[in-house]
Amino acid sequence: MPKKVIRKIINLFLVITLNLFSVLYLTAQDKDSIKIIVKEVNITKEIVSNSLTKQKLAFQYEAGYNFSGRSLVPIVFSLKYHLTDKSALRFSFGLNGTGRNHGKGKMHMGDNFNDTMYNNDHFNRFGRTIERYNVSLNYLFYPSPKSDVNLFFGIGPRFGFGSNHFEYRQSTSQPDTLKHKYRNKSWSIGLSGLVGAEWFVARSISLFTEYNATFSYQKKDIWDADYNSTFNSYTFMESKTNKFRFTDISARVGFSIYFDRPF
């Protein structure tokens, strides 16, 4: 066989071998790329299992029970923004209050105005209104935001305002024989802390519960007046108090609706 033919066969074999190795190498690289893409997709799926992710917004509504000895139900509306998966800022507006009025046929008996009895010879009226409002800004921390149940802790400043108005009138043969009026107004500023847990029923909807407590400086003004037309007597007392105290100790439950940041 001529030497030229042998050389051509060897060259052709080398070219085919080099091309085969090139194809095998590129195929291996493509498989690695596919594996990386699959891993990235799996990681992404894990990340978006709930809405505790960076730049998410949430509207929250919660209500609960106040442990401060009063039958007031706090209602709170909040807007939460996630700085990271583990941290968020929450602005909250809370209110609670009660109102009560009694009419003809009830007479005060004793130190508690709730202790009453029927007496048709008297016309007695009393009403009571309690109102409280507060705003707070809390920094929330989620230690493990990808858990089935997500614990969170919060702390931040809180400002509150409240008023309490009570009026009692008693009449016999003459209208308004006895009048009693009581009123107080207060404001407070302090630091609130909370601990809670959140569970997602869907990717963008969650249920949560939390326990709150506030340590604050409170200032209160009190007015107390009595008028007796029978004896033509009038007494008035005014007092001011300033103190540090624990307030708004309450347990709450609520729900959250998450959505993407619109800007």
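Description of the structure in this document. Computed from a predicted model, the values in this text were never measured in an experiment. (Residues numbered from 1 in each chain as written. Predicted model: local features only at pLDDT ≥ 70, side-chain atom pairs only at ≥ 80, totals over all residues. Heavy atoms only, no water.)

Scanning the protein from N- to C-terminus turns up one helix and 10 strands. Its helices and strands in sequence order give the protein the pattern α-β-β-β-β-β-β-β-β-β-β, from N to C terminus. Split into buried and exposed, the 263 residues of the protein put 32% on the buried side. Within the protein, contacts between residues at least 6 apart in sequence are counted, and of these 66% link residues at least 24 apart. If you sum the accessible surface of the protein, you get close to 16900 Å²; carbon and sulfur atoms cover 64% of it. (Helix = DSSP H or I, 4+ residues; strand = E, 2+ residues; numbered from the N terminus. Buried < 20%, exposed > 50% of the residue type's maximum accessible area, 1.4 Å probe, protein only. Contact = heavy atoms within 4.5 Å. Areas by Shrake-Rupley, 256 points an atom, 1.4 Å probe, with all protein chains shown as cover.)

This model, assessed by the stated rule, comprises eight aromatic pairs. Ring centres of Tyr 61 and Phe 77 lie 5.4 Å apart, and the angle between their planes is 50°; this geometry places the pair in the tilted category. Of this pair, Tyr 61 sits in strand β1 (residues 56–66) while Phe 77 is found in strand β2 (residues 75–82), placing the two residues 16 residues apart along the sequence. Its relative accessible area of 27% is what places Tyr 61 among the partly exposed residues. (Phe/Tyr/Trp six-rings, centres within 6.5 Å; stacked < 30°, edge-to-face > 60°.)

All right, on to the pattern of salt bridges then. The tally for this structure, following the rule as stated, stands at seven salt bridges. Across the salt bridge formed by Lys 56 and Asp 260, the nearest N and O atoms sit 2.7 Å from each other. Of the two residues, Lys 56 sits in strand β1 while Asp 260 sits in strand β10 (residues 233–260), which places them 204 residues apart along the sequence. With relative accessibility at 11%, the residue Lys 56 sits in the buried group. A salt bridge links Arg 90 to Glu 62; its shortest N-O distance comes to 3.9 Å. One end of the pair, Arg 90, is in strand β3 (residues 87–102); the other, Glu 62, is in strand β1, and 28 residues separate them in sequence. The class for Glu 62 is buried, based on a relative accessible area of 0%. Connected through salt bridges with shared partners, the residues Glu 62, Arg 90, Glu 210 and Arg 252 form a single ionic network. (Salt bridge = Lys/Arg side-chain N within 4 Å of Asp/Glu carboxyl O.)

This next bit is on the environment of Phe 59. In this structure, Phe 59 sits in strand β1. For Phe 59, a relative accessible area of 35% puts it in the partly exposed group. On a C-alpha basis, the gap between Phe 59 and Lys 80 in space is 6.5 Å, while along the polypeptide they are 21 residues apart. Apart from residues lying up to four places away in sequence, Phe 59 is in contact with Phe 77, Ser 78, Phe 255, Ser 256, Ile 257 and Phe 259.

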